[in-house]
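# Inside the fold
Each chain, letter by letter, is given below.
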Amino acid sequence: MKFIVKLFPEITIKSRPVRKRFIQRLQNNLQIMLRRVDDDIRVSLFWDKLEVVLPEEKLQFRDQVCSVMSKTSGIQAFIEVEEFELGSFHEAFEHAQKAYQERLVGKTFKVRVKRSGKHEFKSIDLERYIGGGLLEHCDTQGVDVRNPDQYVDLEVKDQKLFVFNKIYKGLGGYPLGTQEAVLSLISGGFDSVVSSYMTMRRGSKTHFLFFNLGGKAHQMGVEQVALHLWQQYGSCARVKFISVPFSEVVGDILQNVHHSFMGVVLKRQMMRAAEKVADFMKIDALVTGESIAQVSSQTLPNLAVIDRATTKVIIRPLITTDKQEIVDQTKALGCFDLVASIPEYCGVISDRPTTRAKLEKVESEELNLDVEILERALEQVKSVKIDDIVKNLTAQSEIETLSKVSDMQKIVDIRAPHEQAKKPLNMPGCDIILAPFYELESLMVQWSDEFEYLLYCDRGIMSQLHAQSLQEKGALNVKVYRPE
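Throughout this description, residue numbers start from 1 for each chain and increase along the sequence as written. Where totals are concerned, whole chains, interfaces and linings use all residues; where local detail is concerned, this predicted model gives features only for residues with pLDDT of at least 70, and gives and counts side-chain atom pairs only at 80 or more. With hydrogens and water excluded, all non-hydrogen atoms of the structure serve as input to the side-chain values.

Despite not being glycine, Asp 158 has its phi angle at roughly 55°, a positive value. A run of H or I in DSSP becomes a helix once it reaches four residues, and a run of E becomes a strand once it reaches two; helices and strands are each numbered from the N terminus. Mapped onto the elements, Asp 158 comes out in the loop between strand S7 (150-157) and strand S8 (160-172). Partly exposed residues are those whose accessible area sits between 20% and 50% of the maximum for their type, while under 20% is buried and over 50% is exposed, using a 1.4 Å probe and protein chains only. Owing to a relative accessible area of 45%, Asp 158 belongs among the partly exposed residues under this scheme. Positive phi, close to 65°, is recorded for Ala 293, a residue that is not glycine. Along the chain, Ala 293 falls in the loop between strand S12 (285-287) and helix H10 (300-307).

Let us look at a negative patch on the surface. The patches reported here contain residues having more than 30% relative accessible area and no salt bridge. Joining distances are 9 Å for like charges and 5 Å for nonpolar side chains (Val, Leu, Ile, Met, Phe, Trp, Tyr). Computed with the Shrake-Rupley method and a 1.4 Å probe, the accessible areas treat only the protein chains shown as cover for residues. Criterion for a salt bridge: a side-chain nitrogen of Lys or Arg within 4 Å of a carboxyl oxygen of Asp or Glu. Under this rule, positive means Lys or Arg and negative means Asp or Glu; His and the chain ends count for nothing. Here the site of a charge means atom NZ of a Lys, CZ of an Arg, CG of an Asp or CD of a Glu. On the surface, Asp 370, Glu 372, Glu 375 and Glu 379 cluster together into a patch of negative charge. Position of Glu 379 among the secondary structure elements: in helix H14 (residues 371-379). Take Glu 379: its relative accessible area is 65%, and that puts it in the exposed class.

Close approach of charged atoms allows side chains of opposite charge to pair. Under the criterion given, the structure shown has 27 salt bridges. Two residues, Glu 83 and Lys 160, come together in a salt bridge whose shortest N-O distance is 3.6 Å. Of this pair, Glu 83 sits in strand S4 (residues 75-85) while Lys 160 is found in strand S8, placing the two residues 77 residues apart along the sequence. Its salt-bridge partner being Lys 312, residue Asp 279 comes within 2.7 Å of it at the nearest N-O pair. Remark: Lys 312 occurs in the loop between H10 and strand S13 (313-315) and Asp 279 occurs in helix H9 (residues 262-281); sequence separation between them is 33 residues. Classification of Asp 279 as partly exposed rests on a relative accessible area of 42%. It is possible to trace a salt-bridge network through shared partners that takes in Lys 2, Lys 49, Glu 51, Glu 83, Glu 85, Glu 155 and Lys 160.

What follows is about empty space enclosed by the protein. Think of a 1 Å grid over just the protein atoms. A cavity is a set of points where a 1.4 Å probe fits yet cannot get out, a pocket is an open set with protein on both sides within 12 Å along at least five of seven lines, and lining residues have an atom within 4 Å of a point. Grid points are joined across faces, edges and corners, and a volume is the space filled by probe spheres set on the points. A full pass over the atoms with the stated rule returns 2 cavities of 30 Å³ or more. In this structure, the largest cavity spans a volume of roughly 40 Å³. If you go around the largest cavity, the residues you meet are Asn 29, Met 33, Lys 71, Thr 72, Ser 73, Leu 176, Tyr 233, Gly 234 and Cys 236. Class assignment for the residues of the lining of the largest cavity results in 4 nonpolar, 4 polar and 1 charged. Surrounding the second largest cavity, Leu 176, Met 200, Lys 205, Thr 206, Trp 230, Gly 234 and Val 239 form its lining. Residue classes in the lining of the second largest cavity are distributed as 4 nonpolar, 2 polar and 1 charged. Each residue is assigned to one of three groups, with Ala, Val, Leu, Ile, Met, Phe, Trp, Tyr, Cys and Pro labelled nonpolar, Asp, Glu, Lys and Arg labelled charged, and all others, Gly among them, labelled polar.

We now examine the packing of aromatic side chains. Paired rings are identified among Phe, Tyr and Trp, the last through its six-membered ring, by centres lying within 6.5 Å, and are further divided according to the angle between planes into stacked (under 30 degrees), edge-to-face (over 60) and tilted (the rest). Taken as a whole and assessed by the stated rule, the structure comprises 12 aromatic pairs. Arranged with centres 6.3 Å apart and planes meeting at 65°, the rings of Phe 3 and Phe 78 form a pair that is edge-to-face. Separated by 75 residues along the polypeptide, Phe 3 in strand S1 (residues 2-7) and Phe 78 in strand S4 bring together distant segments of the chain. No difference in accessibility class separates Phe 3 from Phe 78, as the two residues are buried. Relative to Phe 121, the ring of Phe 89 lies with its centre 5.1 Å away and its plane at 90°, an arrangement referred to as edge-to-face. In this pair, Phe 89 sits in helix H4 (residues 89-100) while Phe 121 sits in the loop between strand S5 (108-116) and helix H5 (123-137), placing the two residues 32 residues apart along the sequence. Owing to a relative accessible area of 25%, Phe 89 belongs among the partly exposed residues under this scheme. Judged by relative accessible area, which is 16%, Phe 121 ranks as buried. Members of the aromatic cluster, connected to one another through ring pairs, are Phe 3, Phe 78 and Tyr 168.

This part is about the sheet that holds strand S17 (residues 432-434). Whether two strands pair depends on DSSP finding at least two bridges between them. Taken together, 5 strands build an open sheet; the order of strands is S15-S19-S18-S16-S17 and the sheet is parallel. Every interior strand has two partners, whereas the edge strands, strand S15 (401-402) and S17, have only one. Both strand S18 (residues 452-456) and strand S19 (residues 478-481) contribute to a ladder of 3 bridges, which runs parallel. Its bridge partner being in S19, Tyr 453 is matched across the sheet by Val 478.

Counting residues in hydrophobic clusters, the biggest one holds 59 residues, and the most contacted among them are Leu 209, Phe 211, Phe 246, Trp 447 and Leu 455. In terms of residues, this core owes the most to one element, H9, which gives 10 residues. Contacts: residue pairs with any heavy atoms within 4.5 Å of one another. In this structure Trp 447 touches Val 412, Ile 433, Leu 440, Tyr 453, Leu 455, Leu 470 and Val 478, once residues within four positions along its chain are discounted. As used here, the term nonpolar core means buried Ala, Val, Leu, Ile, Met, Phe, Trp, Tyr and Cys residues forming a set that is joined through side-chain atoms within 4.5 Å. Counting 57 residues, the second-largest nonpolar core is a separate cluster that includes Phe 3, Leu 26, Leu 34 and Cys 236.

Turning our eyes to something else, we now look at the packing of H9 against H10. What counts as an axis is a line fitted to C-alpha atoms, over the stretch in contact for a helix, and the angles between N-to-C directions run from 0 to 180 degrees. Running from amino to carboxyl end, H9 crosses H10 at an angle of 35°, the nearest separation of the two axes being 9 Å. Judged by the twist between their axes, the crossing of H9 over H10 is right-handed. In this structure, H9 contributes Val 264, Lys 267, Arg 268 and Met 271 to the contact, and H10 contributes Asn 302, Val 305 and Ile 306. Here the residues of the contact of H9 with H10 are counted per class, giving 4 nonpolar, 1 polar and 2 charged. In a left-handed crossing the near helix is turned counterclockwise from the far helix by less than a right angle, and in a right-handed crossing that turn is clockwise.

Another point: the packing of helix H8 (residues 247-256) against H14. Look at H8 against H14: their axes get within 9 Å of each other, and the N-to-C directions meet at 165°. As judged from the angle between their axes, H8 and H14 are roughly antiparallel. H14 is crossed by H8, and the crossing has left-handed handedness. Contact residues: Glu 248, Val 249 and Asp 252 in H8; Ile 373, Leu 374, Arg 376 and Ala 377 in H14. Orientation is classified from the angle alone, with under 35 degrees giving roughly parallel, over 145 giving roughly antiparallel, 65 to 115 giving roughly perpendicular, and any other angle giving oblique.

Attention now goes to the pairing of strand S2 (residues 42-45). Taken together, the 4 bridges between S2 and strand S3 (residues 49-53) define a ladder with antiparallel strand orientation. The residue bridging Arg 42 from the neighbouring strand is Val 53, located in S3. Linking S2 back to S3 in an antiparallel pair, the connection comprises 3 residues.

Let us look at the sheet that holds S12. Spatial strand order, S13-S12-S9-S10-S11-S14: 6 strands in an open sheet with mixed pairing. Single-partner strands in this sheet number two, and they are S13 and strand S14 (382-385). Averaged over all neighbouring strand pairs, the angle between strand axes comes to 25°, with direction disregarded. Two strands pair when backbone bridges link them, and strand S9 (residues 179-185) and strand S10 (residues 204-212) are joined in this way by 5 bridges, in the parallel orientation. The partner of Leu 185 across the bridge, within S10, is Leu 209.

Right, dumping it as structure tokens:
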């Protein structure tokens, strides 16, 4: 079985050396991935296409081969073809009839023959013969050379006849690795997942950078999303998953920055950290999932202030994309359910955030920050090869959630101080400990083994994640409180 791989049109308009490099990269990418399916699959390179040959005795791998090609950037379409010896015109008609008879019922059609090599006939001669035969022997609505319902495509190459059975749509884009590498800030949410995919599709080797605000459990969820994305759309390139512990940085912001600037300052701190990681990896561009005005920190004035925190190029593939389009794209990528199970975890929820931040005011607020905290976070950066993640992932245990509190249990309110003050937790008769999430690890050493500690937050997400993290550190008397 043979597949003809059509190139993404933008590849064909490149200069000769660039086009050659792009096609060679696409061939190499396909060879790497198809070799994992079966060693005998061949990928041949031509100036205007690639050909993938699956041996007849290996047809059980057909669906896997199609799946790989449908998820490989640089391919506009690929066509499943049958190969025959070029015999008489009537034999060619019989092959075409067998392949297209059912598809032509009740439809108009046009025969197209592409020919290369030396022959005693022209392409139009074969088109007319096959078209006449199909018109006479198939239940069609006739020939329509301008706007047919169905094309009947064949190719003659020297003494071989190829009949096109089925055309599959490809991803388009450029072959992965033909563009410079980028560092994508991934939170596990819809936006960052889709933006990462878009740079991969455009040919950039895309590494993942995760700012950990929710402990090991949160990181495990994001690792699974990144792994899925890489396995499906980028596994021909080795990339890294880098995590930066950022809870202490968030705590510094919550305590020392005016509430209206917290979101912008957090993004600027992330950009500063990302720049350091990118410098180490010799990468010039950062990728984010920001879209104009989707949240307060993403207004154009605020984005301009955020950009000033780094000298790197910030790529925002989704900058004018609607949220529903982004969500729909995750469904198309096959990771909607996985992404939906991971919270859009943001450590800073500003009260009346500014939408028109001024650089000088933001810089003034940042003078209150402890620079050593960001430096400590960067000293704890961890990097792992993306394909090693699967070895490290373990099943995430669900922390027990309670709706009632007994005498031997204490509630721990882990919300930020301004949230605690704005909406105090009113629980008469209950012992409530105010412990912002960024102070949990330092405060837990004071807790008694005689009591159970029930973590509380507004939505139950932060409490679940931090309870998981504390249990992993040995605090088995930690659970979650969610009022009915």
